[in-house]
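# Topology and contacts: notes
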Amino acid sequence: MMYLAEARMQDVVKKQLQFKLKAYRGVFTSLIAVQVLAILFSLGGIGMSGGETENFSYEANYYSGNIVIVLTMLWGFITAVLLTTRAYRFDDFSFVTNRVSSNVSNIYFLIVSCILAGITAMLSSFLLKVLVISFVNTDAFVQASVSFPEYSTGMIGTILYIILFSALGYLVGMFTQIHKSLIVLLPVLLLSTLILSTGHPELIQNIIGFFGNENSFLVFALKTIITAVVLFGASLLVSGRMEVKQ
Amino acid sequence: MIIISLLLAFISVIAGIYIFNAFMGKYHIKKPLKWIFGGYAIILIGSVLIYFMLPEDTFTHAKTYSDEEIMQEEKNQEELYRLALNGKIDQVDDKYITQQWEFELKDDRLVLTAPEPQHSAVTVLAERAGTDKKIKIDYYGMKRIVGNVDVSSKVKAPELEFGENTIHIRKREKVNVKVANFSKEFTVKQFSDGKKSESRMSAMMDQDFLYMQIPVGVEVTGGVIFIDE
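An account of the accompanying structure is given in this report. For clarity, every value in this text was computed on a predicted model and none was experimentally measured.

## Focus: the overall build of chain A
Within chain A one finds nine helices and three strands. Order of helices (α) and strands (β) in chain A, N terminus to C terminus: α-α-β-β-α-α-α-β-α-α-α-α. A total of 246 residues make up chain A; the buried ones form 46% of that total. When contacts within chain A are restricted to residue pairs at least 6 apart in sequence, long-range pairs at least 24 apart make up 80% of them. Looking at chain A as shown, the accessible area adds up to about 12200 Å², and 70% of this sits on carbon and sulfur atoms.

## Overview of the pattern of salt bridges
On inspection of all chains with the given rule, the structure shows 10 salt bridges over all chains. Put simply, D139 of chain A and K154 of chain B hold a salt bridge, and the shortest N to O gap is 3.9 Å. In this pair, D139 of chain A sits in the loop between α5 (99–135) and β3 (140–143) while K154 of chain B sits in the loop between β6 (149–150) and β7 (160–162), so the two residues belong to two different chains. Among the residues examined, D139 of chain A registers a relative accessible area of 37% and is labelled partly exposed. R82 of chain B serves as the salt-bridge partner of E79 of chain B, at 2.8 Å between the closest nitrogen and oxygen. Here R82 of chain B and E79 of chain B lie together in helix α3 (residues 67–85), a separation of three residues that amounts to about one turn. Within this structure, E159, E161 and R170 of chain B form a network of salt bridges that share partners.

## What to know about the interface of chain B and chain A
Between chain B and chain A, the contact holds 61 residues from the first and 76 residues from the second. A combined buried area of about 6600 Å² lies between chain B and chain A, and 69% of that area is made up of carbon and sulfur atoms. Along the contact surface separating chain B from chain A lie three salt bridges. Residue K174 of chain B is joined to E52 of chain A by a salt bridge in which the shortest nitrogen-to-oxygen separation is 2.2 Å. Linking chain B to chain A there are 24 residue pairs in polar contact (both at pLDDT 80 or more). Among the secondary structure elements, those contributing two or more residues to the side of chain B that touches chain A are α1 (2–26), α2 (32–53), β5 (144–146), β9 (175–182) and α4 (186–189) of chain B. When residues of the side of chain B that touches chain A are assigned to their parent elements, the largest contribution, 11 residues, is made by α2 of chain B. Each residue belonging to the side of chain B that touches chain A can be placed in one class, and the counts come to 34 nonpolar, 15 polar and 12 charged. Pairing of β3 of chain A with β9 of chain B involves four bridges; the strand directions are parallel. Across the sheet, residue F141 of chain A finds its bridge partner in β9 of chain B, namely A180 of chain B.

## Looking at the environment of E150 of chain A
On the secondary structure map, E150 of chain A appears in helix α6 (residues 148–178). Residues contacting E150 of chain A, with those up to four places away along its chain left out, are S145 of chain A together with K184, V188 and S192 of chain B.

## So, helix α9 (residues 217–240) of chain A
Its 24 residues place the ends of α9 of chain A 34 Å apart at the C-alpha level, agreeing with the 34 Å of an ideal helix rising 1.5 Å per residue. When we look at burial in α9 of chain A, the residues that qualify are F220, A221, K223, T224, A228, L231, F232, S235, V238 and S239 of chain A.

## What to know about the packing of helix α3 (residues 66–83) of chain A against α6 of chain A
Residue and element names in this part refer to chain A. For the pair α3 and α6, the least separation of the axes is 7 Å and the interaxial angle reads 30 degrees. Relative to α6, the crossing made by α3 is right-handed. In this structure, α3 uses I69, T72, M73, G76, F77, A80, V81 and L83 to contact α6, whose residues at the interface are T158, Y161, I162, F165, S166, L168, G169, Y170, V172 and G173. Tallied by class, the residues present in the contact of α3 with α6 amount to 12 nonpolar, six polar and no charged.

Cut-offs and rules
Residues numbered from 1 in each chain as written. Chains lettered and ligands numbered in written order. Predicted model: local features only at pLDDT ≥ 70, side-chain atom pairs only at ≥ 80, totals over all residues. Heavy atoms only, no water. Helix = DSSP H or I, 4+ residues; strand = E, 2+ residues; numbered from the N terminus. Buried < 20%, exposed > 50% of the residue type's maximum accessible area, 1.4 Å probe, protein only. Contact = heavy atoms within 4.5 Å. Areas by Shrake-Rupley, 256 points an atom, 1.4 Å probe, with all protein chains shown as cover. Salt bridge = Lys/Arg side-chain N within 4 Å of Asp/Glu carboxyl O. Buried area = accessible area lost by both parts, 1.4 Å probe. Polar contact = N/O pair within 3.5 Å; in protein donor to acceptor, adjacent residues only side chain to side chain. Nonpolar A, V, L, I, M, F, W, Y, C, P; charged D, E, K, R; others polar. Pairing = 2+ DSSP bridges. Expected span 1.5 Å × (residues − 1). Axes fitted to C-alpha atoms, helices over the stretch in contact; angles between N-to-C directions. Left-handed = near helix turned anticlockwise from the far one by under 90°.

Below, the structure written as structure tokens:
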């Protein structure tokens, strides 16, 4: 078949990405909602210790942006699942498209969103500190010293974690689109694994430890990027099994 | 517990996203979104600027301790009390003496009074020393470490009221200390060199004591533990 203008893959992807960045604004507003919610949760502190004797009592409260980061990771997962749903996928048919370009633009969109999410999650820790200093009555504020390189590495690490979760979410979402019964089966499988592993938590600990216990940033980056590539690649393969406009 | 927390977090994020999207959809809110993004970005960048413009004394510069240092300090303080009780006060580090008094008796009697129960005031240890009617009193204040931070300066020495032959230890107000500790985010801690040294321990030996040197021959009335008798 002949066309007047041959649509190049990268142009289609670029156009779709631009469209998605404008059209899926709900993704970013929900990110803000989740982070604001997480900051509010964090105001209560992530831990405390206390004690009392006849003449002296003490209370030490610990604050950090951990809750914001964890909830942002969950946001990344859920956002990726939502992108695979029918309502979002059909948007791509406004363009000259195929399943690969649609998926690739989705993946780029997720990566851009995750970068923004990681930056805002880390910046929100400053907002949390300013709020605690302004509204929490204490005798002393103690700050663990963090150098700029340390902070930057932490920010990139956060972004990589969010990308990892969104890659996982994208694959899970694709599976659920293949067969609707997986919407029920996957959570059941996940929950039963979690419950069954409570006595033998090695599997989950090993998975968490594979990323979480890695102290070398370069090795961690390699692990997350390779895992994300594998997960996104698997999503592309799974997506290929879908019917047109399924 | 971790599983339940994760599930709750998961459910709250899904509910948050769903309610938020439903709200935005129901009221067809589109234009203000630009303002929401902009506003959030300004708040975040503003908070970074405010944070770096905070006065230097906002954060405490008190000495901070690692787990190992806290445990060592607790051992030192237990040892200190044991040495004092066994009459080896000369082996105790002078750094624990935070206040000293000297008092001259009119005759050979000393009455020590303190609020009941006396432990709400302070323990009084004493030894016999000299014959010149002068009483020397040292206050040994223990370290209080809360969430890594030395807050010992918050605990003042007891107030003593001196009469002709009397010393009254005034009841101390209870000291309440609150410390807010900003920890590193786990993604920062994971790649930090000193990740193992961050501690969450607190230590507070409540064994402050007054150590009195009372002249030989002075008759003492009141709650004093003589270490050499």
